[in-house]
Amino acid sequence: MATATYVTPAAVAPPGQPDITYAPDFRKYEVRRDQRIKSGGLLKELPKGLPRELTGKLVWEGETLGKTYKWTYVLEPSQLSEIELALKHFKSLGVPLGHVNQGTFPLPNLHAELRQLSDELHNGHGFFVIRGLRVDEHSREENIIIYAGLSAHIAPQRGRQDSKFDGKPASVTLSHIKDLSGPGRSEVIGSPAYTTDKQVFHTDSGDIVSLFALETAAEGGASKLASTWKVYNEIARTRPDLIHTLTGNWDVENYGNPEQRYTSRPLMYYQPATESTPERVLLQYARRSFVGFGALPRSPDIPPITEAQAEALDTLHFLGEKFCVDTYFQKGDIQYVNNMALFHARDGFTNAGDKQRHLLRLWLRDSENAWETPEPLKARWTQLYGNVTPQSEVLPLEPYIRSASNKNSR
């Protein structure tokens, strides 16, 4: 059985756009790269003040990472029992799901372990997987309570992924990542999250992205994680001009926000060392914001990207593929990723019978350990984490296509 790769037809390119689509083409990348190098005039030095090389636990290669870092935290029977007691306690309160927090989902023994895992996210290798939750023993609502409850001890703030639900204003903090394509829906899907397509390297929004596997695919669907710092080092060594490109302004399309169609900002940010923090490089981007996907092509009202930007997008993707580690979801796994320090992708997949890949997603923040938010991202972070109250919060039990991925919300 062959796994899906790119099933969705390429989005229509706006006038003046370079020859680049959501699905990276290595041959086109090579031609563009070679032509730009041959043309000459590329900057040979890094932007002033940026390091030639980053060091630390966040600099890793997937091929060798497993020799030094064990990223899977397997829950013990006593910890599973503690989670069951916390679930029972929350349900006894009779309050909506938006009230899940450390107090309403108490884990007096496991809490310290989860706080250490938060430290690993922010100051270690940037990701881990919790394994062992018994999905099939719980209802959909109970699984969501457990997911939100565990996550509250790792990164307490849940970010807004949609601002309306059932046509009404709401703070939707949980998304279902599932193939929803089909008659009447494929025509409006503008994100690979709702298809079986391969997802290229990208970041989500927010500090921490987490995924909980309710079910896995029949075949494929591997999660791929890459170190931004490793990729930065490679680009800084071989193509410093592209660091200039990545740290310069890009016109980023804001899907689902008709009042502000695009924002001009860098994709990559440098933060010098302080007395309490090391120097850092942060990456925030999604390829579809520049080339479109499916029913959401890049708007012709937004300036097209440049040839340098097209090369930079492909460079990020293909270096991500070169240096990534594959993490293969098992049912019940929860993956947590530092979304500022790593970027990620997903293999295409095939569903069959009961094996229908279904993930839940949270965008999280831990104010105690959080990295400083770059100035150009602060407005977006306010949209994510500002004014999310238990009364306004919605954690949907069933999948739907969120506004930023839905043509009808454009």
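Counting restarts for each chain, with residues numbered from 1 along the sequence as it is written. Reporting of local features is limited, given that this is a predicted model, to residues whose pLDDT is at least 70; pairs of side-chain atoms are given and counted only at 80 or more, and all residues count toward the totals for whole chains, interfaces and linings. Water and hydrogen atoms were dropped before computing side-chain values, which therefore reflect all heavy atoms in the structure.

Engineer: Looking at this structure, I do not really get the overall build of the protein. What am I missing?
Structural biologist: What counts as a helix is a DSSP run of H or I of at least four residues, what counts as a strand is a run of E of at least two, and both are numbered from the N terminus. Within the protein one finds ten helices and 20 strands. When we talk radius of gyration, it's over C-alpha atoms, and the globule rule is simply 2.2 Å times the number of residues to the 0.38. The C-alpha radius of gyration of the protein comes to 21 Å, within 12% of the 22 Å expected for a compact globule of 410 residues. Remark: exposure states derive from per-residue accessible area (1.4 Å probe, protein chains only) relative to the maximum for the residue type, with buried under 20%, exposed over 50%, and partly exposed in between. Considering the protein as a whole, with its 410 residues, one finds that 57% of them fall into the buried category. The contact rule is simple, with two residues in contact once any of their heavy atoms fall within 4.5 Å. Long-range pairs, those at least 24 residues apart, make up 82% of the contacts in the protein with a sequence separation of at least 6. Neither His nor the chain ends contribute to the count of charged residues, in which Lys and Arg are positive and Asp and Glu negative. Where a charge sits is defined by one atom per residue type, namely NZ (Lys), CZ (Arg), CG (Asp) or CD (Glu). The positive charge centre, built from 47 side chains, and the negative charge centre, built from 49, are 3 Å apart in the protein.

Engineer: How should I be thinking about the environment of Ile334 in this particular structure?
Structural biologist: Within the secondary structure layout, Ile334 lies in strand β16 (residues 334–338). On the basis of relative accessible area, Ile334 is assigned to the buried category, the value being 0%. Each C-alpha atom, one on Ile334 and one on Ala404, is 24 Å from the other, the two residues being 70 residues apart in sequence. Not counting the four nearest positions on each side in its chain, Ile334 is found in contact with Phe128, Val129, Ile130, Leu133, Tyr147, Leu150, Ser210, Leu211 and Phe212.

Engineer: How should I be thinking about the packing of aromatic side chains in this particular structure?
Structural biologist: The geometry of an aromatic ring pair comes down to the distance between the two centres and the angle between the two planes. A pair of aromatic rings is counted whenever rings of Phe, Tyr or Trp (Trp by its six-membered ring) have centres within 6.5 Å, and the orientation is called stacked for planes under 30 degrees apart, edge-to-face for over 60 and tilted otherwise. In the structure shown here, the tally under the stated rule is 15 aromatic pairs. Three or more aromatic residues joined by ring pairs make a cluster, and in this case those are Trp60, Tyr69, Trp71 and Phe127. If you follow Arg33 out to its NZ or CZ, it ends over the ring of Tyr29, 5.4 Å from the centre. Across the ring face of Phe349, the terminal group of Arg357 is positioned such that the distance to the ring centre comes to 5.3 Å. Any Lys NZ or Arg CZ found within 6 Å of a ring centre and within 35 degrees of that ring's normal is scored as a charge over the ring.

Engineer: What exactly am I supposed to notice about helix α6 (residues 228–238) here?
Structural biologist: Helical geometry note: an α-helix holds 3.6 residues per turn, so side chains three or four residues apart project in the same direction. Across the eleven residues of α6, nine count as buried, placing the element largely inside the fold. Against β10 (223–227), α7 (240–247), β13 (268–271), β14 (280–283), α9 (307–323) and β17 (342–346) lie the buried residues of α6.

Engineer: Any chance you could explain the sheet that holds strand β7 (residues 199–202) here in plain terms?
Structural biologist: Within a sheet, each strand pairs with its neighbour through backbone hydrogen bonds, oriented either parallel or antiparallel. Here, a strand pair is defined by DSSP locating no fewer than two bridges between the strands. Read from one edge to the other, the open sheet built from four strands follows the order β7-β17-β10-β15, with strand pairing classed as antiparallel. Taken across any chain shown, the strands that pair with only one partner, and hence form the sheet edges, are β7 and β15 (325–327). Put simply, the sheet's adjacent strands are angled 20 degrees from each other on average, direction ignored. Two strands pair when backbone bridges link them, and β10 and β15 are joined in this way by three bridges, in the antiparallel orientation. Within β15, the position partnered with Lys224 by the bridge is Asp326. For helices, the axis comes from a line fit to the C-alpha atoms of the stretch in contact; other axes are also lines fit to C-alpha atoms, and the angle between any two N-to-C directions lies between 0 and 180 degrees. Here α6 sits on the sheet in contact with β10 and β17, set at roughly 55 degrees to β10. Packed onto the sheet, α9 meets β7, β10, β15 and β17 and runs at close to 95 degrees relative to β7.

Engineer: Before we go on, may I ask you to explain the side chain of Glu234 in this structure?
Structural biologist: As for its position among the elements, Glu234 is in helix α6. We classify Glu234 as buried; its relative accessible area is 14%. Within polar-contact distance, the side chain of Glu234 engages the side chain of Arg237 at 2.8 Å. As used in this structure description, the phrase polar contact means that two N or O atoms lie within 3.5 Å; if the pair is within protein, one of them must be able to donate a hydrogen and the other to accept it, and residues adjacent in sequence are counted only when both atoms belong to side chains.

Engineer: Is there a simple way to explain the sheet that holds strand β4 (residues 162–165) in this structure?
Structural biologist: Taken together, three strands build an open sheet; the order of strands is β4-β5-β20 and the sheet is mixed. Single-partner strands in this sheet number two, and they are β4 and β20 (393–394). Bridge count between β4 and strand β5 (residues 168–172): three bridges; the pairing is antiparallel. When the sheet's bridge partners are listed, Asp162 is paired in β5 with Val172.

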